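Observations on chain architecture
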Amino acid sequence: MLVRKVPGFVPASPWGLRLPQKFVFLLFLSGLVTLCFGALFLLPNSSRLKRLFLAPRTQQPSLEAVAQVASHPRARGQESPPNPAPAAPAPGEDDPGSQASSRRRKGWLRRTHPTGPREEATATRGGGATALRPQEGSVPSSFDFKAFRSRLRHPVLGTRADGSKGPQSLVQTQREKIKEMMQFAWQSYKRYAMGKNELRPLTRDGYEGNMFVVGLLTEWTDLLFPGGATPDGLQVQIELTSGSRLLSCLAAGPPGGLSGATVIDSLDTLYLMELKEEFQEAKAWVEESFHLNVSGEASLFEVNIRYIGGLLSAFYLTGEEVFRIKAIKLGEKLLPAFDTPTGIPKGVVNFKSGSNRSWGWAMAGSSSILAEFGSLHLEFLHLTQLSGNQVFAEKVRNIRKVLREIDKPFGLYPNFLSPVSGNWMQHHVSVGGLGDSFYEYLIKSWLMSAKTDMEAKDMYYEALEAIETHLVNVSPGGLTYIAEWRGGILDHKMGHLACFSGGMIALGAEDAKEEKRAHYRELAAQITKTCHESYARSDTKLGPEAFWFNSGREAVATQTSESYYILRPEVVESYMYLWRQTHDPIYREWGWEVVTALEKYCRTEAGFSGIQDVYSKVPNHDNKQQTFFLAETLKYLYLLFSEDDMLSLEDWVFNTEAHPLPVNHSDSSGRGGG
């Protein structure tokens, strides 16, 4: 405002304004400021301006799209790096751009580590791609996340049909208890071991030893030292892991330098249970602290199922680019494992040198393991889909080709194969450790391809027929079990790891020949019943690592070295699949028995721990909260007490670490197949 001076005028203020003029000026200025700041809060599409003045609020469509809860933890906020992809709502969920004010009234928390310019990502779908600002280290992709979510037949978290405002049902109460267990396990890990691979709850610290560089197997020790009688003076420190279900030698340092296994393994479980603050904590750690420029050796198999599987799942659930990019780059670091004459990968890859080797214990370092190289198919096809790089799909299709063409004794797949010659190295067959997830990935490859991968289907049912012919037995007490086969001689034992097979057989029953479907459903139920008996016959109502059928004893461990329980998921996994197929309440009853036993014998003041003897009511804890307890055991229990359309089996398959991967509904050409 300009004020012209006139003769004899005496300024009323240093700016030449009289008091009334000063008042009018200040009134105008205050109105202008009010108008500007009002636009920041009241006008639509003002997110760019808001970020100049306000800490970012949680604006994560995929999380906002889930069913709302009545309350939530206290909000928190921090800075954020670029650059996530915008997530689209699942069918039946709210559009993240609509009813925003109602969601804010629900009080969504601030991000522990916000995803930054989500508001700046313009979802231009003209070419089926999302327009994003360039991101350092980004991996180009034409994958259309919004179109993918629109093809799902059910909302990711289900319709929440039981979410009435009335008193909670028993099932809701049970599900909330399992959610509380997950929250407790995560918070204990965060408090005492954040960023480490696993929590040690008794000593209240983290463990980052080389839990994936395996060096010993229960099956291998059985071969060398029958009955568990190891020679005097031979001392092997072992660490129990999942996956190909191995016993691993502890070595200094993390797996290939990778850390945070519990974080990656927990992402999708936290999302599924709507533990929003905890999910943001996990996501923030991935963005800030999960570094891939590491050196050292790592297990091809474990990195694939835990890290890559967990990251892929987190991406498909949320659309966050950080998960996609890190999954692809980690997959690229595994490719040197395939540099062999046959293309069958070796089990260990050196991230620094790019070299590979087989495990020293696997036939003197000459063999690859069936459950390891046979359990890459699901993840590697998704790596190709999200990156556009066909090399991942080519690698696993070559594995399939080798296995399809090789002669198989009695139709069975032995556990050891030479990556050099392509020949079997020993005729040891197991549906438990060393073999298990190979069979699982055959039927799931068929399902994930939207039932177009005929090769996987044929291989699965041929293998299942051979297993039933040569390995399935019924004990004198009427218990059905799957024995192990050693060159024609049976070991009449069943490992806890083999208890996944009840769920696998149930999952595949629908697509069997019509005359076989009812039979396979019954077989699945009988195997699952046997595994339940291994729990019911222990003092803790938790199952041992292995149980036998001989000398008049059935479904019990016969030696102390097999009496431990390390929070394994395979039995409750089968309960979940059998429940979804039959809705027989017995499976929820059995599942709740496991929840009760976990609370009584495995819960400590600072997390959950395995126990060393399931036949003792005085627990001797092993001081390990396994990552698969959060990834698998608690997830399968939660799903057991949820509606069937939560992570519907029409839309998702679970990898062998229980990370959900989507069915390729758009795959009419068989691209998702083998």
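See above for the structure.
On a predicted model such as this, the values are computed, not experimentally measured, just so you know.

Right, let's talk about helix α19 (residues 570-582) for a bit. Between its first and last C-alpha atoms α19 spans 18 Å; for 13 residues at 1.5 Å apiece the expected length is 18 Å, and the two agree. Summarising burial for α19: 11 of the 13 residues are buried, a large majority. Among the residues making up α19, those that are buried are Glu-570, Val-571, Val-572, Glu-573, Ser-574, Tyr-575, Met-576, Tyr-577, Leu-578, Trp-579 and Arg-580. Contacts made by the buried residues of α19 are with α15 (436-448), α17 (501-509), α18 (514-536), α20 (586-602), α21 (627-640) and β21 (652-654). With its phi angle positive at about 55°, His-583 sits one or two positions after the end of α19.

What follows is about the pattern of salt bridges. Under the defined criterion, the tally for this structure stands at 25 salt bridges. The salt bridge partner of Arg-603 is Glu-180, with a shortest N-O separation of 2.8 Å. Placement of the pair is Arg-603 in strand β19 (residues 603-604) and Glu-180 in helix α6 (residues 170-193), with a sequence separation of 423 residues. Since its relative accessible area comes to 24%, Arg-603 is described here as partly exposed. In this structure Glu-180 comes out as partly exposed when scored by relative accessible area, which is 27%. Its salt-bridge partner being Glu-462, residue Arg-404 comes within 3.1 Å of it at the nearest N-O pair. Taken together, the residues span a long stretch of sequence, with Arg-404 in helix α14 (residues 391-405) and Glu-462 in helix α16 (residues 454-470) at a distance of 58 residues.

What follows covers the sheet that holds strand β18 (residues 553-556). Read across the sheet, 3 strands follow the order β16-β17-β18 without closing on themselves; strand pairing throughout is antiparallel. For this open sheet the edge positions go to β16 (493-495) and β18, each flanked by a neighbour on one side alone. The mean inter-strand angle of the sheet, taken between neighbouring strand axes irrespective of direction, is 15°. Of the pairings in the sheet, the one linking β16 to strand β17 (residues 546-550) comprises 3 bridges and is antiparallel in character. The residue of β17 that forms the bridge with Met-494 is Phe-547. α18 rests against β16, β17 and β18 of the sheet, and its axis sits at about 105° to β17.

Attention shifts here to the packing of aromatic side chains. By the definition in use, this model includes 31 aromatic pairs. Centroid distance Tyr-636 to Phe-654: 5.8 Å. Interplanar angle 65°. Geometry classified as edge-to-face. Of this pair, Tyr-636 sits in helix α21 while Phe-654 sits in strand β21; the two residues are 18 residues apart in sequence, bridging distant segments of the chain. Through pairs of rings, three or more aromatic residues link up here, namely Phe-143, Phe-145, Phe-148, Phe-315, Tyr-316 and Trp-652. Sitting over the face of the ring of Phe-351, Lys-333 holds its NZ or CZ atom 5.0 Å from the ring centroid.

For the rest of this paragraph, the subject is the sheet that holds strand β15 (residues 489-491). The strand order β11-β14-β15 describes an open sheet built from 3 strands, whose pairing is antiparallel. Whereas interior strands pair on both sides, the edge strands pair on one side only; in this sheet they are β11 (428-429) and β15. Where strand β14 (residues 484-486) and β15 come together, 3 bridges link them in antiparallel fashion. Within the sheet, the bridge partner assigned to Arg-486 lies in β15 and is Ile-489.

This part is about the pairing of β18. Pairing between β17 and β18: 3 bridges, direction antiparallel. Residue pairing across strands places Asn-550 opposite Arg-553, the latter belonging to β18. The loop that links β17 with its antiparallel partner β18 comprises 2 residues; one of these, Ser-551, has a positive phi angle of about 55°.

Looking now at the environment of Arg-191. Structurally, the position occupied by Arg-191 is in helix α6. A residue is classified by how much of its surface remains accessible, and Arg-191, at 68% relative accessible area, is exposed. Spatially, the C-alpha atom of Arg-191 lies 8.9 Å from that of Asp-205, the residues being 14 residues apart in sequence.

The contact between helix α10 (residues 300-318) and helix α11 (residues 321-334) brings their axes to 8 Å, and the two run at 155°. Classified by the angle their axes make, α10 and α11 are roughly antiparallel. Considering only the axes of α10 and α11, their crossing is left-handed. Across the interface between the two elements, Leu-300, Val-303, Asn-304, Tyr-307, Ile-308, Leu-311, Leu-312, Ala-314, Phe-315 and Thr-318 from α10 touch Glu-321, Phe-323, Arg-324, Lys-326, Ala-327, Leu-330, Gly-331 and Leu-334 from α11. Taken together, the residues of the contact of α10 with α11 sort by class into 12 nonpolar, 3 polar and 3 charged.

Turning our eyes to something else, we now look at the state of the cysteines. In the structure shown here, the tally under the stated rule is 1 disulfide. In this model Cys-499 forms its disulfide with Cys-531; the gap between the sulfur atoms is 2.1 Å. Its S-S torsion of about -95° marks the bond between Cys-499 and Cys-531 as left-handed, since a negative value means left-handed. Remark: Cys-531 occurs in helix α18 and Cys-499 occurs in the loop between β16 and α17; sequence separation between them is 32 residues. Comparing Cys-499 with Cys-531, the two get one shared label, buried.

Here is what the cut-offs are and how they apply
Residues numbered from 1 in each chain as written. Predicted model: local features only at pLDDT ≥ 70, side-chain atom pairs only at ≥ 80, totals over all residues. Heavy atoms only, no water. Helix = DSSP H or I, 4+ residues; strand = E, 2+ residues; numbered from the N terminus. Expected span 1.5 Å × (residues − 1). Buried < 20%, exposed > 50% of the residue type's maximum accessible area, 1.4 Å probe, protein only. Contact = heavy atoms within 4.5 Å. Salt bridge = Lys/Arg side-chain N within 4 Å of Asp/Glu carboxyl O. Pairing = 2+ DSSP bridges. Axes fitted to C-alpha atoms, helices over the stretch in contact; angles between N-to-C directions. Phe/Tyr/Trp six-rings, centres within 6.5 Å; stacked < 30°, edge-to-face > 60°. Lys NZ or Arg CZ within 6 Å of the ring centre and 35° of its normal. Parallel < 35°, antiparallel > 145°, perpendicular 65-115°, else oblique. Left-handed = near helix turned anticlockwise from the far one by under 90°. Nonpolar A, V, L, I, M, F, W, Y, C, P; charged D, E, K, R; others polar. Disulfide = S-S within 2.5 Å.

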